[in-house]
Amino acid sequence: MANLIARKMDPSAMNPTETLDPVDWSRVAELAHRMMDDAVEHVRTVRDRPVWRPMPEEVETAFHGAPPWSPMPLDEVYEIVRRTVLAYPMGNVHPRFWSWYMGAGNFTGALADFLAAVQGSNLGGGSHAAALVDQQVVGWLRDMIGLPPTASGTLVNGGSVANLVGLTVARNAMAGIDLREEGVGALERPLRFYASDQVHSCHRKAVETLGLGNRALRRIPTDAAFRIDLGALRTAVHEDREAGFQPACIIGTAGTVNTGSVDDLNALADFAAEEGMWFHVDGCIGALVSVAHDNAWRVKGIERADSVALDPHKWLHAPFEVGCVLVRDRKAHRQAFAVSPEYLKGTARGLASGEWLHEYGLQTSRGFGALKVWMALMEHGTAKFGRLIDQNIAQARHLADLIRDNVPLELMAEPELNIVCFRYAPAGLTEQELKALDTEIMIRLQETGVAALSDTVIGGQHCLRAAICNHRTRPEDLELLVAETLKLGSVLAGS
Ligand SMILES: *Cc1c(COP(=O)(O)O)cnc(C)c1O
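Computed from a prediction, not measured in an experiment: that's the story for all the values here. (Residues numbered from 1 in each chain as written. Predicted model: local features only at pLDDT ≥ 70, side-chain atom pairs only at ≥ 80, totals over all residues. Heavy atoms only, no water.)

Brief notes about the sheet that holds strand E6 (residues 307–310)
The strand order across the open sheet built from seven strands is E1-E7-E6-E5-E4-E2-E3, with neighbouring strands paired in mixed fashion. Of all strands in the sheet, those bounded by a partner on one side alone are strand E1 (152–156) and strand E3 (217–220). Direction aside, the axes of adjacent strands within the sheet are offset by 20 degrees on average. As paired elements, strand E2 (residues 191–196) and strand E4 (residues 246–253) share four bridges and run parallel to each other. Of the residues in E4, the one forming a bridge with Arg192 is Pro247. Its contacts with the sheet place helix H6 (residues 129–145) against E1, E6 and strand E7 (323–327), and it is angled at close to 115 degrees to E1. (Pairing = 2+ DSSP bridges. Helix = DSSP H or I, 4+ residues; strand = E, 2+ residues; numbered from the N terminus. Axes fitted to C-alpha atoms, helices over the stretch in contact; angles between N-to-C directions. Contact = heavy atoms within 4.5 Å.)

Description of the domain arrangement of the protein chain
Taken domain by domain, the protein chain holds domain 1 (23–88), domain 2 (111–380) and domain 3 (383–493). Here the C-alpha centre of domain 3 lies 33 Å away from the C-alpha centre of domain 1. The partner domain 3 presents nine residues to the seven residues of domain 1 that form the contact. Here domain 1 meets domain 3 over a buried area of about 610 Å², counting both sides, of which 54% is carbon and sulfur. In terms of surface lost to domain 3, no three residues of domain 1 exceed Arg47, Val51 and Trp52, which account for 73% of the buried area on that side. For the pair domain 1 and domain 3, the number of links is one salt bridge. Across the pair Asp477 and Arg47 runs a salt bridge, and its minimum N-O distance is 2.9 Å. Seen at the junction of domain 1 and domain 3, the total is three residue pairs in polar contact (both at pLDDT 80 or more). Of the residues belonging to the side of domain 1 that touches domain 3, the class tally is six nonpolar, no polar and one charged. (Domains from an automatic or database assignment. Buried area = accessible area lost by both parts, 1.4 Å probe. Salt bridge = Lys/Arg side-chain N within 4 Å of Asp/Glu carboxyl O. Polar contact = N/O pair within 3.5 Å; in protein donor to acceptor, adjacent residues only side chain to side chain. Nonpolar A, V, L, I, M, F, W, Y, C, P; charged D, E, K, R; others polar.)

What about the pattern of salt bridges?
Going through the model one piece at a time under the given rule, you end up with 25 salt bridges. The partner of Asp311 in a salt bridge is Lys314, and the shortest N-O contact between them spans 3.4 Å. On the accessibility criterion, Asp311 (2% relative accessible area) is buried. Arg404 is the partner of Asp401 in a salt bridge, and the nearest nitrogen-oxygen pair spans 3.0 Å. Here Asp401 and its partner Arg404 are both found in helix H15 (residues 382–405), three residues apart, which amounts to about one turn of the helix. What makes Asp401 partly exposed here is its relative accessible area of 37%. (Buried < 20%, exposed > 50% of the residue type's maximum accessible area, 1.4 Å probe, protein only.)

A closer look at the environment of Ala104
Along the chain, the position of Ala104 falls in the loop between helix H4 (74–85) and helix H5 (107–119). In this structure, the C-alpha to C-alpha distance between Ala104 and Thr430, residues 326 residues apart in sequence, is 36 Å. Beyond its immediate chain neighbours, meaning those up to four positions away, Ala104 contacts Asn92, Val93, His317, Cys469, Asn470, His471 and Arg472.

Topic: the sheet that holds strand E8 (residues 409–411)
Read across the sheet, four strands follow the order E8-E9-E11-E10 without closing on themselves; strand pairing throughout is antiparallel. Unpaired on one side and paired on the other, E8 and strand E10 (454–458) mark the two borders of the sheet. Between one strand axis and the next, the sheet turns through 45 degrees on average, direction left out of account. As paired elements, E10 and strand E11 (residues 461–467) share five bridges and run antiparallel to each other.

So, helix H11 (residues 265–275)
What sets the pattern is the α-helix's 3.6 residues per turn: residues three or four places apart point alike. Restricting attention to buried positions, one finds in H11 the residues Leu265, Ala267, Leu268, Ala269, Phe271, Ala272 and Glu275. Just downstream of H11, Gly276 is the residue with a positive phi angle, here 65 degrees.

A word on the site of the ligand
In the region of the ligand, 14 residues are neighbours, and Gly159, Ser160, Asp282, Asp311 and Lys314 sit closest. In this structure, Lys314 approaches the ligand through a side-chain N or O atom, which is 2.8 Å from an oxygen atom. When the free accessible area of the ligand is taken as 380 Å², the share hidden by the protein chains comes to 85%. Spatially, the ligand is embedded in the second largest pocket. Put simply, the parts of the chain that give the shell around the ligand at least two residues each are helix H7 (159–174) and helix H12 (312–315). A total of three residues in the shell around the ligand trace back to one element, the largest contributor, which is H7. Split by residue class, the shell around the ligand holds four nonpolar, seven polar and three charged. (Near = heavy atom within 4 Å. Areas by Shrake-Rupley, 256 points an atom, 1.4 Å probe, with all protein chains shown as cover. 1 Å grid on protein atoms, 1.4 Å probe; cavity = no way out; pocket = protein on both sides within 12 Å on 5 of 7 lines; lining within 4 Å. Sits in = over half its atoms within 2 Å of the grid points.)

The following block contains the structure:
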């Protein structure tokens, strides 16, 4: 002991302890304030900038260097980030970003992500406040969707994993054997899952990951409004039962990616009950419509699901990433994932006295993404998020009307929610020529920074697609989109 103390008092006898903490906290505080000012300015003026712009070559090559061996002052690092990273965003926080399907973020959520990272809590479990926030957010989402208070859930990194978790519980619960112990090879009758031909591609990845194979997911044809055809579903389930398969799970979609159509969820719930099957709803787009006053009726029946996947980083505009899965039967949910190794045992008191949240999903460590949802919900209230959803749905109607009023624009499907599919279709062009023309219009809209759309195929025909999941979009943004599309179309088509 005397030796140790002697060593401690003689600085020359030991190496100084290294840490990542700054030597000069006041300098870092100053820089942090500058970053905050820049961030506020970035969002405040987002409308004045292009939605997206191509990167000059020197920016691209800036990211090809070797790992840095030696240090660089943080203000210099930040300067590089400002010039190269922050200056070339994907663009989804911009009011005229309508590609694919993503939320527009919100500044409170960004602040929350910073605070969550500063606290640094891990949501694998334990007794601490972040775990309570995480569970409260799951409970709020459950209440917003209308599942009973006994239902369980977990936040994950997005809708794909939320669906995977839900389908894992479905597979295990419907297997009729101890599937975790014995594996899919021990199934007497192969399991079959059913969804419409509009189902999101993540379900294919899910059934493949679950060892069932892509063929175990039967794609059922859709009706004229792109909803699952109930007669065809019934026939497929009965056929499979006859053929020795076990129909296990119906996946309903509340808001398809292509057109935003919503399956008849009540009819699917009835049919699943009749057939003794699991009823999962992919509500990544539409589940949150449940809190939108004017449109909630469209997703009625979702509250009857056995499991629901939803995406707060879409229509709650949480910055990426945060998804959520809810499961009606808490026990089945926990049974699908719980393992308690010796190094993760609970205690009656102390840090390990909280619930082990990793027993409800695939991740062990999990970030504190709940805080950004919690803070934004506290600040604005669920009613406002509902109004923003109604607003986007009304904007999709407005865009559809503009398209109908402006030949040669062609509306490809009546919008159910907030997704509008259309094309610039002058007479006399073949399908292939139309595809080339519309693709060029889409790319020019992106390259000029006017608007970001994506494209898809509806009923065999290529078209442009605007998904208005954006709390910054105004009617004049949609009017500009139509005007610019008409202008580009007429220049490109030479008319
Ligand atoms: C976005 C989406 C998904 C995938 O969610 P991610 O958050 O991107 O992983 C799944 N299903 C539907 C219907 C979606 O719109």
